[in-house]
Amino acid sequence: MDIEHVRSRFIKHFDGTTGAVYASPGRINLIGEHTDYNGGFVFPGAIDKGMIAEIKPNGTDIVKAYSIDLKDYVEFGLKEEDAPRASWARYIFGVCREMIKRGVDVKGFNTAFSGDVPLGAGMSSSAALESTYAYALNDLFGDNKIDKFELAKVGQATEHNYCGVNCGIMDQFASVFGKQGSLIRLDCRSLEYQYFPFDPKGYRLVLVDSVVKHELASSAYNKRRQSCEAAVAAIQKKHPHVEFLRDCTMEMLEESKAEISEEDFMRAEYVIEEIQRVLDVCDALEKGDYETVGQKMYETHHGMSKLYEVSCEELDFLNDLAFDCGVTGSRVMGGGFGGCTINLVKEELYDTFIQNAKDKFKEKFGRSPKVYDVVISDGARRLV
Ligand code: GLA
């Protein structure tokens, strides 16, 4: 992330003056996918890639926003009916609206932003953008009266109300609460969280990006969520206290099998198992048992591929390849339908694995995957 780059464009694009500069990261998730909107656990961490935005109030009611990377400029007002068409600008507009709904007196501003989280790679570039602006507007117009959890919820509500994705809280939470060197286990029902220092001696975490974009996957994502809700509704008939799949066991799911479609049953089975895997991984980590951590990652991949059906040919290929190379753990990361695998690799195997992944993927799909080393970093903040 390069402040100077953003600053020089901001100065050039607007009136030559400077503003305040904010940054928020993307995230990785060690384990716990599609568990957040089921009231379960997730285990993300913020990364050293994210968004940077320079912002300066402009004394009007108009937001003037410049996307440095897309070289696109959009102006919009702050009323509900002023929603811009450009999808990148809708994130900023949505954050403005959600802050206004929470009583922040947002006024017009000039802004330019840029990022280095690859778009559509499952590393939450959109949450990084939302958190940057939520944090900034709270600082510039809200006397920082909105707390950090609510800032994460502002990003989530932006996705729900302005971008058509009924996402959970994980990405925005990780982007706001990230801490250098630590993963965070979040209980998405109680919102209790705990930092786990993560420095696996002798291992590296690396992302291998299939470069299959998952941008058009929002309807499939929303459909997964509906399946989970349908399973809960069926189970509730016998167990009225059940609120989320988090509250269900496999026995309860089996009991209601006749009332749940085959597809919804598979989705629910994956979620119930995945919630337990997060807890198992946390226990294993505390014991320094990386073999178990890795095994659980493979189990997650299998579940995401065969039960939740959010993998794709390229990601399954990368997962098999990791297994064949002897990589400790590997799985599709994030919502799925494209993006990256996250891999826990022994130091001594790293070079062979990466070389193999590049060569064999290229041989099969005619293009090279991208590789990102993971550095676990801090969350949303003001830089200047
Ligand atoms: C996306 C969503 C998150 C979460 C993951 C899957 O990243 O934004 O809320 O559901 O998918 O774990």
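Remember, it's a predicted structure, so these values are computed and weren't measured experimentally.

Colleague: In this structure, what is going on with the UniProt feature "domain: GHMP kinase C-terminal" (unreviewed entry) in the chain? I would like to understand it.
Modeller: In the numbering used here, UniProt assigns the feature "domain: GHMP kinase C-terminal" (unreviewed entry) to residues 284-348. Spanning residues 284-348, this segment combines 51% helix with 17% strand, and its end C-alpha atoms are found 22 Å apart.

Colleague: I would appreciate a short explanation of the site of the ligand in the present structure.
Modeller: Taken together, Arg27, Glu33, His34, Asp36, Tyr37, Cys167, Gly168, Met170, Asp171, Tyr221, Gly334 and Gly335 make up the full set of residues adjacent to the ligand. The contact in question runs from an oxygen atom of the ligand to an N or O atom on the side chain of arginine 27, over 3.1 Å. A distance of 2.9 Å is found between an oxygen atom of the ligand and a backbone nitrogen or oxygen belonging to glycine 168. Protein contact buries 91% of the 310 Å² of open area that the ligand shows by itself.

Colleague: Even after reading the chapter, I still don't get the nonpolar core, so can you show me in this structure?
Modeller: Ranked by internal contacts, the top residues of the largest apolar core, which has 93 residues, are Leu30, Phe43 and Phe109. Composition of this core by domain shows at least three residues from each of domain 1 (3-197 + 378-382) and domain 2 (203-374). In this structure leucine 30 touches Phe43, Leu183, Phe198, Leu205, Val281, Leu285, Val293, Met297, Arg331 and Ile342, once residues within four positions along its chain are discounted. Ranked by size, the runner-up nonpolar core spans 14 residues in total, among them Leu321, Val327, Ile354 and Phe361.

Colleague: Hey, could you run me through the sheet that holds strand S2 (residues 41-42) in this one?
Modeller: In a beta sheet, neighbouring strands pair by backbone hydrogen bonds and run either parallel or antiparallel. Pairing in this open sheet of three strands is antiparallel, and the strands run S2-S7-S8 from one edge to the other. Each end of this open sheet is capped by a strand with a single partner; those strands are S2 and strand S8 (193-197). Sheet topology note: the S2/strand S7 (residues 182-187) ladder contains two bridges and is antiparallel. Within the sheet, the bridge partner assigned to phenylalanine 41 lies in S7 and is aspartate 187.

Colleague: Help me out: how do you make sense of the packing of helix H2 (residues 87-101) against helix H4 (residues 148-162) in this one?
Modeller: It is the contact of H2 with H4, at a shortest axis distance of 8 Å, that shows an interaxial angle of 120 degrees. In terms of their interaxial angle, H2 and H4 are classed as oblique. Considering how the two elements wind past one another, H2 and H4 form a crossing that is right-handed. For the pair H2 and H4, the contacting residues are Arg90, Tyr91, Phe93, Gly94, Val95, Arg97, Glu98, Met99 and Lys101 in the first and Leu151, Val154, Ala157, Thr158, Glu159, Asn161 and Tyr162 in the second. Counted by class, the contact of H2 with H4 contains eight nonpolar, three polar and five charged residues.

Colleague: It is not clear to me how the UniProt feature "domain: GHMP kinase N-terminal" (unreviewed entry) in the chain should be interpreted in this structure. Could you clarify?
Modeller: The positions that UniProt labels "domain: GHMP kinase N-terminal" (unreviewed entry) are, in the present scheme, residues 91-179. Helix makes up 57% of residues 91-179 and strand 8%, and the two end C-alpha atoms of the span are 24 Å apart.

Colleague: How should I be thinking about helix H11 (residues 350-365) in this particular structure?
Modeller: The periodicity of an α-helix, 3.6 residues per turn, causes residues three or four positions apart to be oriented the same way. Relative to the 22 Å expected for 16 residues at 1.5 Å per residue, H11 spans 22 Å between its end C-alpha atoms, a close match to the ideal helical length. Taken as a whole, H11 has its buried residues at Tyr350, Phe353, Ile354, Asn356, Ala357, Phe361 and Phe365. One side of H11 holds all its buried residues, which, seen down the axis, span an arc of 160 degrees. Turned more than 90 degrees away from the buried face of H11, the exposed residues are Asp351 and Glu363. Packed against the buried residues of H11 are strand S9 (203-209), helix H10 (313-325), strand S11 (340-346) and strand S12 (370-373). Positive phi shows up at glycine 366, right after H11, with a value of about 75 degrees.

Colleague: How should I be thinking about the environment of alanine 46 in this particular structure?
Modeller: Mapping alanine 46 onto the fold places it in strand S3 (residues 44-57). Measuring from C-alpha to C-alpha, the distance between alanine 46 and valine 242 comes to 32 Å, with 196 residues separating the pair along the chain.

Colleague: Whenever I open this one, the pattern of salt bridges confuses me. Can you help?
Modeller: Oppositely charged side chains can form a pair if their charged atoms are brought close together. Following the criterion strictly, the structure yields 25 salt bridges and no others. In this structure, the salt-bridge partner of arginine 102 is glutamate 98, at a minimum N-O distance of 2.8 Å. In this structure, lysine 296 and aspartate 280 form a salt bridge, with 3.6 Å as the shortest nitrogen-oxygen distance. Here the residue lysine 296 occupies a position in helix H9 (residues 290-306), and aspartate 280 occupies one in helix H8 (residues 262-286), the gap between them amounting to 16 residues.

Analysis parameters
Residues numbered from 1 in each chain as written. Predicted model: local features only at pLDDT ≥ 70, side-chain atom pairs only at ≥ 80, totals over all residues. Heavy atoms only, no water. UniProt positions renumbered as here; feature names shortened; annotations may be inferred. Helix = DSSP H or I, 4+ residues; strand = E, 2+ residues; numbered from the N terminus. Near = heavy atom within 4 Å. Polar contact = N/O pair within 3.5 Å; in protein donor to acceptor, adjacent residues only side chain to side chain. Areas by Shrake-Rupley, 256 points an atom, 1.4 Å probe, with all protein chains shown as cover. Core = buried A, V, L, I, M, F, W, Y, C linked by side-chain atoms within 4.5 Å. Buried < 20%, exposed > 50% of the residue type's maximum accessible area, 1.4 Å probe, protein only. Domains from an automatic or database assignment. Contact = heavy atoms within 4.5 Å. Pairing = 2+ DSSP bridges. Axes fitted to C-alpha atoms, helices over the stretch in contact; angles between N-to-C directions. Parallel < 35°, antiparallel > 145°, perpendicular 65-115°, else oblique. Left-handed = near helix turned anticlockwise from the far one by under 90°. Nonpolar A, V, L, I, M, F, W, Y, C, P; charged D, E, K, R; others polar. Expected span 1.5 Å × (residues − 1). Arc of directions from axis to C-beta. Salt bridge = Lys/Arg side-chain N within 4 Å of Asp/Glu carboxyl O.

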